[in-house]
Amino acid sequence: MDLVTKLAANRMLTSDEFQNLMLTEDATLRAKLFRFAQQVTALNFHNKVYLRGLIEFTTHCQRDCFYCGLRCSNKHAERYRLTKEQILECCKEGYALGFRTFILQGGEDHFFTDNVMCDIIYSIKTLYKDCAITLSIGERSLNAYKMFYDAGANRYLLRHETADSLHYSRLHPPSDSLETRKESLYNLKELGYQVGTGFMVGSPYQLTEYFADDLAFIKKLNPAIVDIAPFIPNKDTPFRHQSPGSLEDTLRLLAILRLMLPHALMPAAATLAALHPNGRQHGILAGANEVTPNLTPANVRRKYFLYNNQASTQEEKAENLRFLNAQMKNMGYELCIDRGDYVPETTP
Ligand code: SAH
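Being a predicted model, the structure only gives us computed values, none of them experimental. (Residues numbered from 1 in each chain as written. Predicted model: local features only at pLDDT ≥ 70, side-chain atom pairs only at ≥ 80, totals over all residues. Heavy atoms only, no water.)

1. Side note on the site of the ligand
Short version of the rule: Only heavy atoms are used to decide nearness, and a residue is near a molecule or strand if one of them lies within 4 Å of it. A 3.5 Å cut-off defines polar contacts: any pair of N or O atoms within that distance qualifies, except that in protein one atom must be a possible hydrogen donor and the other a possible acceptor, and neighbouring residues in sequence count only when both atoms are side-chain atoms. For the accessible areas, the method is Shrake-Rupley and the probe is 1.4 Å, while residue cover comes only from the protein chains on display. Each residue is assigned to one class: nonpolar for Ala, Val, Leu, Ile, Met, Phe, Trp, Tyr, Cys and Pro, charged for Asp, Glu, Lys and Arg, and polar for all the others, Gly among them.
Close to the ligand lie 16 residues, the nearest being Tyr67, Gly106, Arg159, Glu161 and Ile232. One of the side-chain nitrogen or oxygen atoms of Glu161 is found 2.5 Å away from an oxygen atom of the ligand. With respect to the ligand, the backbone of Ile232 contributes an N or O atom lying 2.7 Å from a nitrogen atom. When the ligand sits alone it has 550 Å² of accessible area, and the protein chains cover 92% of it. Broken down by class, the residue content of the shell around the ligand amounts to nine nonpolar, four polar and three charged.

2. Observations concerning the nonpolar core
Heads up, the rule is: Definition of nonpolar core: a set of buried residues of the types Ala, Val, Leu, Ile, Met, Phe, Trp, Tyr and Cys, connected through side-chain atoms within 4.5 Å. To sort residues, take the accessible area from a 1.4 Å probe on protein chains only and compare it with the maximum for the residue type: under 20% means buried, over 50% means exposed, and anything in between is partly exposed. The helix count covers DSSP runs of H or I at least four residues long, the strand count covers runs of E at least two residues long, and both are numbered beginning at the N terminus. Residue contacts follow a heavy-atom distance rule, with two residues in contact if any of their heavy atoms lie within 4.5 Å.
Ranked by internal contacts, the top residues of the largest apolar core, which has 93 residues, are Leu104, Ile124, Leu135 and Phe148. When residues of this core are assigned to their parent elements, the largest contribution, nine residues, is made by helix 10 (residues 247-260). The contacts of Ile124, once residues within four sequence positions are left out, are Ile87, Leu88, Cys91, Phe102, Leu104 and Ile133.

3. Observations concerning the pairing of strand 2 (residues 53-58)
Put simply, the rule is: When DSSP finds two or more bridges between a pair of strands, those strands are recorded as paired. Crossover handedness is defined by viewing with both strands directed away from the observer: a clockwise path from the first strand over the helix to the second marks the crossover as right-handed.
Across the six residues that make up strand 2, a large majority, six, are buried. Across five bridges, strand 2 lies against strand 3 (residues 101-106) in parallel orientation. Along strand 3, the bridge assignment pairs Thr58 with Gly106. In this fold, strand 2 hands off to helix 4 (residues 84-97), which returns the chain to strand 3; that crossover is right-handed.

4. Topic: the packing of helix 3 (residues 27-45) against helix 10
Just so we agree on the cut-off: To obtain an axis, a line is fitted to C-alpha atoms, over the contacting stretch when the element is a helix, and the angle between two such axes runs from 0 to 180 degrees between their N-to-C directions. Relative orientations are named as follows: roughly parallel for angles under 35 degrees, roughly antiparallel for angles over 145 degrees, roughly perpendicular for angles from 65 to 115 degrees, and oblique for any other angle. In this scheme, a crossing is called left-handed if the near helix is turned counterclockwise away from the far one by less than a right angle; it is called right-handed if the turn is clockwise.
Viewed as axis vectors pointing N to C, helix 3 and helix 10 meet at an angle of 50°, and their least axial separation amounts to 9 Å. Considering the angle they form, helix 3 stands oblique to helix 10. In the crossing of helix 3 with helix 10, the sense of the turn from one axis to the other is left-handed. Counting all contacts with helix 3, which are made through Arg30, Leu33, Phe34, Phe36, Ala37, Val40, Thr41 and Phe45, the residues of helix 10 involved are Glu248, Leu251, Arg252, Ala255, Ile256, Arg258 and Leu259. In terms of residue class, the contact of helix 3 with helix 10 is built from ten nonpolar, one polar and four charged.

Structure, rendered in structure tokens:
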């Protein structure tokens, strides 16, 4: 049995097999991987691509992750915070455009205390009862996760970044730990969140064998959302001279993940579009099923720089939804404005 058939049947491979599939130059096998991933997406999602509105509400961050433009040591980063009113304004505009999920993303900024976050979450949910809120604000206490959930948050994105602890320590300062990150993910899941995890493809010092560890961790966690995308260097970080991640690796991983977790939600992240003009389309064809246009107000959007070349494409902007719609239609996919919650597989 070839590796793709085996992966589709078992939804898992051994570490060596994963590495072989990542490295194979067998064009037939590669084509089969993408064909199978597309078939599974068509079967489970009927080629619907869910729309999520990204609100980058703060560029302040107390962490110092070596790869990220928001890191506190970056003296060149332009810092801003949106007020609650500005965040609600983003939701209002988004709602009118058809968005039914708002992703609140930012640095780890404790200006937004647990109570302040609860107030924002609760206010959004009061005004837009039929919308889902996704948080992407890094690590907080278990109690904070519970408060946010009770206030109305539905989903939480927290990439594990890498499942190898040595690699983790080469991407983060010594104060950060992979164990804490993983523990947060299990806690979030336990609380009832639709949890998203993932990693950067092609981050510095990453080895092919680490992909297998990442995939094994994701399989074990069994998250609702898997968010992987290429690393892109930021010129104001210690990784400024590193190379960006590879489109091919990212697409293979997306297709592998689609076969491992056939029901997972998977964004075709903006980083894909920043890496390649058709990156997003390729991501969808590899099995991704979410797009995340930007609802952040235009006057501050230029300042949110995790990586360079960000938000360079037109369809990144929520205003240009029609363009995105046409793009999806051309590919045989349908941009879908449903809330698009994770629906776990029911065992017959
Ligand atoms: N502070 C929050 C969320 C914001 S960063 C958190 O830590 O979860 C969201 C994601 O952007 C990170 O998890 C990281 O994987 C990604 N990211 C950061 N810098 C990047 C870069 N230079 N290239 C690509 N992705 C990057």
